[in-house]
Amino acid sequence: MPMNLRDLRYLQALAEEQHFGRAARICNVSQPTLSVQIKKMEVDLGVELVERSGRTVILTDVGQNILALAKDALASIDHIYSTAETARDPYSGQLQLGSIPTISPYLIPQAIRQSKAMFPRLKLGFLEDITERLNEALLQGTLDVAILATEPEDPRLEVINLYREPFSVILPKEHPLNETEDLDVEDLTLNELILLPEGHCFRDQAVDLCQFAQPSALHEVNVSSMETIISLVAAGQGISLIPSMALGGRWNAGDDVCVRTLNHPNAYRQINLTFRKSTPKRQLLDSLADVILDSLPEEMCAV
C-alpha cells in the first residue's frame, strides 16, 4: 500500500519528538502502530528514513530531505482545506496567531477577548516565540499570522501595518540621568543598559537605535522578559529601553522607576501583522487588524 498523508504526519511527529512513544502520543496512535507505518514507508521507498539507537531516534540525511517535502505536501493539503473552509465562511474555522514576547502580555489578552466577541465561530490558537521561529512557522503553514516588530525578509510574506510603538527610557529613581533634559541615546551609559538576550528583535532594535559599536559591552543580565528588566531597574541594577506598552498594567514598577521620553526621531518600532501572500484568510486578517487597533491604549498611534 502506498504512503498516505497520515504516514507523512507520523514522520513529521517522529522528527520533532525524536522518540517513537512521544510521537505516537501526539498522533493519537499506539507506539507499535506508528513504528510499523514508518517501517512500511521505508520498505515502500527503499531507503532508511530514521536511525534507531536505543531510545533516541534521528532522521537520516535522506529522511530529512523527504521530511522537507512532506512538510510542503502537508502544508498544501492544509491550505486546500483552509481555502474551502474560508470560502464557506471567512470568519469561522481556525486561525493560528503568533506573537513575540515583547508584545504578547500587553496586547494579546485584550485582542483575543475582542476577537472572540467579533468572531464567535472562529477557533483561535496562539503561539509566543521569537521572530525567527515565528517567520519559519508562517512559511511552514503552522501559523496563519503573527504580530511582529520587523519587516519580513522572505518575499512570500507580507504585512498589514498596525501601529508605531515609542521607546521609553526607564531609570532608577535616584539615577543622575533623571536630571538630564531632552534625553537622547548618546546620553545612555553602555555598561548600565539592560536588554533582552540575543534572539529577541527588540534587543537588536535597541542596539541599532543606539548604534553601539561594541554590543558585547552591554550590561549582560540573563533575563528573558520585560517585566524582569523593569524589576531590576527598580532595584537599581541598571537602566533600560522599553517599548511603551510594557509600562502599563500589573508590570509597572511604580515609584521606584522613572520613565523618560527618548528625544530621537527613530525611537519607536513598527508593529505589523505578518502573513503569507497566498493565504485565503486575507478578509479575516483585515478584520483582525481592526480588532487589534480597537484594543490599543488611547495613547498608541495607529498607522
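Given the structure is predicted, the values throughout are model-derived calculations rather than measurements. (Residues numbered from 1 in each chain as written. Predicted model: local features only at pLDDT ≥ 70, side-chain atom pairs only at ≥ 80, totals over all residues. Heavy atoms only, no water.)

1. As for the overall build of the protein chain
- Looking only at helices and strands, one finds 9 helices and 10 strands in the protein chain.
- Considered along the principal axes of its C-alpha atoms, the protein chain spans approximately 75 × 45 × 35 Å.
- Burial status across the protein chain gives 45% buried among its 303 residues.
- Counting every atom, the protein chain has about 15,900 Å² of accessible surface; 48% of that belongs to carbon and sulfur. (Helix = DSSP H or I, 4+ residues; strand = E, 2+ residues; numbered from the N terminus. Buried < 20%, exposed > 50% of the residue type's maximum accessible area, 1.4 Å probe, protein only. Areas by Shrake-Rupley, 256 points an atom, 1.4 Å probe, with all protein chains shown as cover.)

2. Some thoughts on unusual backbone geometry
- With phi around 55°, Gln18 is a residue other than glycine that occupies positive phi space.
- Structurally, Gln18 can be placed in the loop between α1 (5–17) and α2 (20–26).
- Given the relative accessible area of 39%, Gln18 is considered partly exposed.
- In this structure, Asn28 takes a positive phi of about 60° despite not being glycine.
- Its place among the elements puts Asn28 in the loop between α2 and α3 (31–45).

3. Quick word on the environment of Pro166
- Relative to the elements of secondary structure, Pro166 occurs in strand β6 (residues 157–172).
- In this structure the C-alpha to C-alpha distance between Pro166 and Leu262, which are 96 residues apart in sequence, comes to 8.6 Å.

4. As for the packing of α1 against α3
- Contact geometry of α1 with α3 gives a least axis separation of 10 Å together with a crossing angle of 105°. One element, α1, and the other, α3, form an angle in the roughly perpendicular class. Contacts from Arg6, Asp7, Leu8, Tyr10, Leu11 and Leu14 in α1 reach Leu34, Gln37, Ile38 and Met41 in α3.
- Of the residues that constitute the contact of α1 with α3, the class distribution is 7 nonpolar, 1 polar and 2 charged. (Axes fitted to C-alpha atoms, helices over the stretch in contact; angles between N-to-C directions. Parallel < 35°, antiparallel > 145°, perpendicular 65-115°, else oblique. Contact = heavy atoms within 4.5 Å. Nonpolar A, V, L, I, M, F, W, Y, C, P; charged D, E, K, R; others polar.)

5. Considerations on the nonpolar core
- Judged by nonpolar contacts, the single largest core of 65 residues is most densely connected at Ile147, Leu241 and Leu273.
- Per-element accounting of this core gives the leading share, 8 residues, to β6.
- If you count residues domain by domain, this core takes at least three from each of domain 2 (89–163 + 270–302) and domain 3 (164–268).
- Dropping the residues within four chain positions of it, Leu273 is found in contact with Val145, Ala146, Ile147, Glu158, Val159, Ile160, Leu162, Leu285, Leu288, Ala289 and Ile292.
- The next biggest cluster of nonpolar side chains, apart from the first, holds 19 residues, and it includes Ala23, Leu49, Leu59 and Ala70. (Core = buried A, V, L, I, M, F, W, Y, C linked by side-chain atoms within 4.5 Å. Domains from an automatic or database assignment.)

6. Brief notes about the packing of aromatic side chains
- The tally for this structure, following the rule as stated, stands at 2 aromatic pairs.
- With a centroid separation of 5.4 Å and an interplanar angle of 5°, the aromatic rings of Tyr91 and Phe119 are classed as stacked. Highlighted residues: Tyr91 in the loop between α4 (61–88) and β3 (93–99) and Phe119 in the loop between α5 (104–118) and β4 (122–128), separated in sequence by 28 residues.
- Considering the side-chain rings of Phe167 and Phe202, the 5.1 Å spacing of their centres and the 85° angle between planes classify their relative orientation as edge-to-face. Pair noted here: Phe167 is in strand β6 and Phe202 is in helix α7 (residues 201–210), with a separation of 35 residues, a long-range link.
- Residue class for Phe167 comes out buried when judged on its relative accessible area of 4%. (Phe/Tyr/Trp six-rings, centres within 6.5 Å; stacked < 30°, edge-to-face > 60°.)

7. Re the domain arrangement of the protein chain
- Along its sequence, the protein chain is carved into domain 1 (5–85), domain 2 (89–163 + 270–302) and domain 3 (164–268).
- Each of domain 1 and domain 2 was reduced to a C-alpha centroid, and the two centroids are 29 Å apart.
- Each side of the interface is counted separately: domain 1 has 6 residues, and domain 2 has 8 residues.
- Contact between domain 1 and domain 2 buries roughly 540 Å² in total, counting both sides, with carbon and sulfur atoms accounting for 47%.
- Area buried by domain 1 at its contact with domain 2 is led by His79, Ser82 and Glu85, which between them contribute 66% of it.
- Connecting domain 1 to domain 2 are 0 salt bridges.
- Applying the counting criterion to the domain 1 and domain 2 interface returns 0 residue pairs in polar contact (both at pLDDT 80 or more).
- A per-class count over the side of domain 1 that touches domain 2 returns 1 nonpolar, 3 polar and 2 charged. (Buried area = accessible area lost by both parts, 1.4 Å probe. Salt bridge = Lys/Arg side-chain N within 4 Å of Asp/Glu carboxyl O. Polar contact = N/O pair within 3.5 Å; in protein donor to acceptor, adjacent residues only side chain to side chain.)

8. Quick notes on helix α9 (residues 282–294)
- Over its 13 residues, α9 runs 18 Å from end to end, which matches the ideal 18 Å to within 8%, given 1.5 Å per residue.
- Contacts made by the buried residues of α9 are with β3, α5, β4, β5 (145–148), β6 and β9 (268–276). (Expected span 1.5 Å × (residues − 1).)

9. Re the pattern of salt bridges
- Tallying each qualifying case throughout the model produces 12 salt bridges.
- A salt bridge links Arg52 to Glu42; its shortest N-O distance comes to 3.0 Å. A residue pair is termed long-range when its members are at least 10 positions apart, and Arg52 in strand β1 (residues 50–53) and Glu42 in helix α3 qualify at 10 residues.
- According to the relative accessible area criterion, Arg52 is partly exposed, its value standing at 42%.
- The exposure class of Glu42 is buried, given its relative accessible area of 4%.
- Look at the salt bridges and you will find they share partners, linking Lys39, Glu42 and Arg52 into a network.

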